[in-house]
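# Remarks on the overall topology
Here is what each chain is made of, one letter per residue.
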Amino acid sequence: MSTENDCKKQEEYSVDTKCQLNDARLKDIWGAVSYPIYQTATFAHKGLGESTGFDYTRMQNPTRQQLEAVVALLENGKDAIAFASGMAAVAAVMELFSPGDHFIIDSDLYGGSVRLFNEISKKNGLTYTTAYLSSEDVVPLIQENTRAVYLETPTNPMMNVTDIEELAKKVHERGLILIVDNTFLSPYYQNPLDLGADIVLHSGTKFLGGHHDTIGGFAVVKDEEIDERLRFIYKTTGAGLSPFDSWLILRGIRTLSVRLNKAQENAFAIAEYLQKNKHVTKVIYPGLKEHPGYDIMKKQASGFGAMLTFEVDSAEFAKEILANVELIYFAESLGGTETLITYPITQTHADVPKDVLEKNGINDRILRLSVGIEGTEDLINEFERVLETAEKNTTR
Ligand SMILES: *Cc1c(COP(=O)(O)O)cnc(C)c1O
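Criteria and cut-off values
- Residues numbered from 1 in each chain as written.
- Predicted model: local features only at pLDDT ≥ 70, side-chain atom pairs only at ≥ 80, totals over all residues.
- Heavy atoms only, no water.
- Phe/Tyr/Trp six-rings, centres within 6.5 Å; stacked < 30°, edge-to-face > 60°.
- Helix = DSSP H or I, 4+ residues; strand = E, 2+ residues; numbered from the N terminus.
- Buried < 20%, exposed > 50% of the residue type's maximum accessible area, 1.4 Å probe, protein only.
- Domains from an automatic or database assignment.
- Contact = heavy atoms within 4.5 Å.
- Buried area = accessible area lost by both parts, 1.4 Å probe.
- Salt bridge = Lys/Arg side-chain N within 4 Å of Asp/Glu carboxyl O.
- Polar contact = N/O pair within 3.5 Å; in protein donor to acceptor, adjacent residues only side chain to side chain.
- Nonpolar A, V, L, I, M, F, W, Y, C, P; charged D, E, K, R; others polar.
- Pairing = 2+ DSSP bridges.
- Axes fitted to C-alpha atoms, helices over the stretch in contact; angles between N-to-C directions.
- UniProt positions renumbered as here; feature names shortened; annotations may be inferred.
- Near = heavy atom within 4 Å.
- Areas by Shrake-Rupley, 256 points an atom, 1.4 Å probe, with all protein chains shown as cover.
- 1 Å grid on protein atoms, 1.4 Å probe; cavity = no way out; pocket = protein on both sides within 12 Å on 5 of 7 lines; lining within 4 Å.
- Points joined across faces, edges and corners; volume = space filled by probe spheres on them.
- Parallel < 35°, antiparallel > 145°, perpendicular 65-115°, else oblique.
- Left-handed = near helix turned anticlockwise from the far one by under 90°.

The tally for this structure, following the rule as stated, stands at 14 aromatic pairs. Geometrically, the ring pair formed by phenylalanine 103 and phenylalanine 117 is edge-to-face, given 5.2 Å between the ring centres and 70° between the ring planes. With phenylalanine 103 in strand β2 (residues 102-106) and phenylalanine 117 in helix α5 (residues 111-121), the pair connects residues that are 14 residues apart, well separated along the chain. Seen in terms of ring centroids, phenylalanine 117 and tyrosine 150 are 5.1 Å apart; in terms of plane orientation they differ by 85°. Their pairing is edge-to-face. Of this pair, phenylalanine 117 sits in helix α5 while tyrosine 150 is found in strand β4 (residues 146-152), placing the two residues 33 residues apart along the sequence. Both residues of the pair, phenylalanine 117 and tyrosine 150, count as buried. Ring pairs connect the aromatic residues Phe97, Phe103, Phe117, Tyr128 and Tyr150, which therefore count as one cluster.

Structure (structure tokens):
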């Protein structure tokens, strides 16, 4: 390959994001199957007024652009923007609004998002109303200054399921936008943009990254105007994902379907196993037919995911489970190869006001599982041992 050809090729691939998405996927100019990590802060110009399309990594970086193109494809978006964390993506989206704007959020959301809305959005002059969007009608809550509706489905950790398509219709009729945090199901199982959402958010730390080894986040959009404003916020505030972390998430996405198929299979097995235990008072998994959101899940998602919440008969029993796990990690976060168990009331949801926790049914007997891809039998054996130990230690 001559140098001249290489430059031409480089030019072909150094197009802006929109062209890139039309190309569906960037390819490395040397044919590398694993897309390279462009670990550089800046890019040289060939001449005055000439750019390869890359100037400075805060604004664009080939590795990050590759990842963004892949995530946009997965979510059927026009563009995806990769942020340094899920929270950085949520924070950037909130910058779309102005002081005086109002939005409506679901009552059961990721604790970090609630903290952002309370401690930062409020200070910036935004107000919000909460509602159980899975069951309450959003229309009476819409005010003159309402701009957006924000939700997760299924919710964290209580697994409430909202009909995205139905909500999107109501929201659009009144000129608002719909923002859906799709972290729990990942684009493999659910594509909210196809159901009418305007912005899809992800914590890339979770199923997309998939290995509990990096932090990242995404905002995926289909509207050009929203995209332009978000790209402006992103390059100005500088919360873009680093090249190395972009590469790790690209690597994670390669096995997204294989991991989720296995994790979901394990989640079903664990749900069935837990239901048979007399100390388990409730198993909340949207793949169970008795789950109130089961039919909506069937309609709007292609799977039920790997998140499972269960309630035991005493706080003491819950604490015994946490004290005795060996294969399973007692850790926050979700969506990775290893199964994690967490205690929402003191961990992920510690910053959620007490009355809200109570209303949501999050008590000191609730445990949340992010099911991993271990051998199904190994996980069942782990639960058998842990539950027996917990029973022994609580009935003494
Ligand atoms: C983890 C998480 C976030 C925040 O993402 P980070 O990558 O931790 O910043 C937002 N929403 C949901 C549903 C999450 O699980």
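So, next bit.
Another point: the domain arrangement of the chain. When the parts come together, some accessible area is lost, and that loss is often what is quoted as the size of the interface. By the assigned domains, the chain splits into domain 1 (4-253) and domain 2 (256-394). Contacts between the two partners involve 36 residues from domain 1 and, on the opposite side, 42 residues from domain 2. Overall, the association of domain 1 and domain 2 removes approximately 3,400 Å² of surface from exposure, summing both partners, and the carbon and sulfur fraction of that is 61%. At the boundary of domain 1 with domain 2, the tally comes to one salt bridge. Ionic pairing is found between aspartate 163 and lysine 299, a salt bridge with its closest N-O pair at 2.5 Å. The interface formed by domain 1 and domain 2 holds 20 residue pairs in polar contact (both at pLDDT 80 or more) in total. When contributions to the side of domain 1 that touches domain 2 are tallied by element, the ones reaching two or more residues are α5, α6 (164-173), α7 (186-189) and α9 (243-253). The element contributing the most residues to the side of domain 1 that touches domain 2 is α7, with three residues. Considered class by class, the residues forming the side of domain 1 that touches domain 2 number 17 nonpolar, 14 polar and five charged.

Turning to the sheet that holds strand β6 (residues 199-203), a few remarks are in order. If you trace the seven strands from one edge of the open sheet to the other, you get β1-β7-β6-β5-β4-β2-β3, paired in mixed fashion. On the outer flanks of this sheet lie β1 (79-83) and β3 (127-131), each paired with one strand and no other. Taken pair by pair, the neighbouring strands of this sheet meet at an average axis angle of 20°, ignoring direction. When β2 meets β3, the two strands line up parallel, connected through five bridges. The residue bridging histidine 102 from the neighbouring strand is threonine 127, located in β3. Those strands touched by helix α3 (residues 62-74) are β1 and β7 (217-221), and its axis lies near 130° from that of β1.

Attention now moves to the sheet that holds strand β11 (residues 340-342). With respect to topology, five strands assemble into an open sheet ordered β8-β9-β12-β11-β10, the strand pairing being mixed. The open sheet is flanked by β8 (280-284) and β10 (329-330), the only strands paired with a single partner. One ladder, built from five bridges, connects strand β9 (residues 307-312) with strand β12 (residues 366-370); its direction is antiparallel. Along β12, the bridge assignment pairs leucine 308 with leucine 369.

When the UniProt feature table is mapped to this numbering, "modified residue: N6-(pyridoxal phosphate)lysine" (unreviewed entry) covers Lys206. Within the secondary structure layout, lysine 206 lies in the loop between β6 and β7. Ignoring anything within four residues of it in the chain, the contact list for lysine 206 reads Tyr110, Thr183, Ser333, Leu334 and Gly335.

Taken together, 13 residues are adjacent to the ligand, and Met87, Asp181, Ser203, Thr205 and Lys206 come closest. Here methionine 87 contributes a backbone N or O atom positioned 2.8 Å from an oxygen atom of the ligand. One of the side-chain nitrogen or oxygen atoms of aspartate 181 is found 2.6 Å away from a nitrogen atom of the ligand. When the ligand sits alone it has 380 Å² of accessible area, and the protein chains cover 93% of it. Broken down by class, the residue content of the shell around the ligand amounts to four nonpolar, six polar and three charged.

Once that is clear, we can look at empty space enclosed by the protein. Here the structure, examined in full by the defined rule, presents one cavity of 30 Å³ or more. In this model, the largest cavity occupies a volume close to 40 Å³. Around the largest cavity, the lining residues are Phe207, Arg259, Leu260, Ala263, Gly335, Gly336, Thr337, Val371, Gly372 and Ile373. Of the residues in the lining of the largest cavity, the class split is five nonpolar, four polar and one charged.

What follows concerns the packing of helix α4 (residues 86-94) against α5. For the pair α4 and α5, interaxial distance at closest approach is 11 Å and the crossing angle is 40°. Between α4 and α5, the crossing angle belongs to the class labelled oblique. Here α4 runs over α5; the crossing is right-handed. Residues Met87, Val90, Ala91 and Met94 of α4 touch α5, and the partners they reach there are Gly112, Ser113, Leu116, Phe117 and Ser121. Classifying every residue of the contact of α4 with α5 gives six nonpolar, three polar and no charged.

In this model, threonine 153 is joined to proline 154 through a cis peptide bond whose omega is -5°. With respect to the secondary-structure elements, proline 154 resides in the loop between β4 and α6. At the junction of asparagine 156 and proline 157, the peptide bond is cis and its omega measures out at 0° in the coordinates. Within the secondary structure, proline 157 is located in the loop between β4 and α6.

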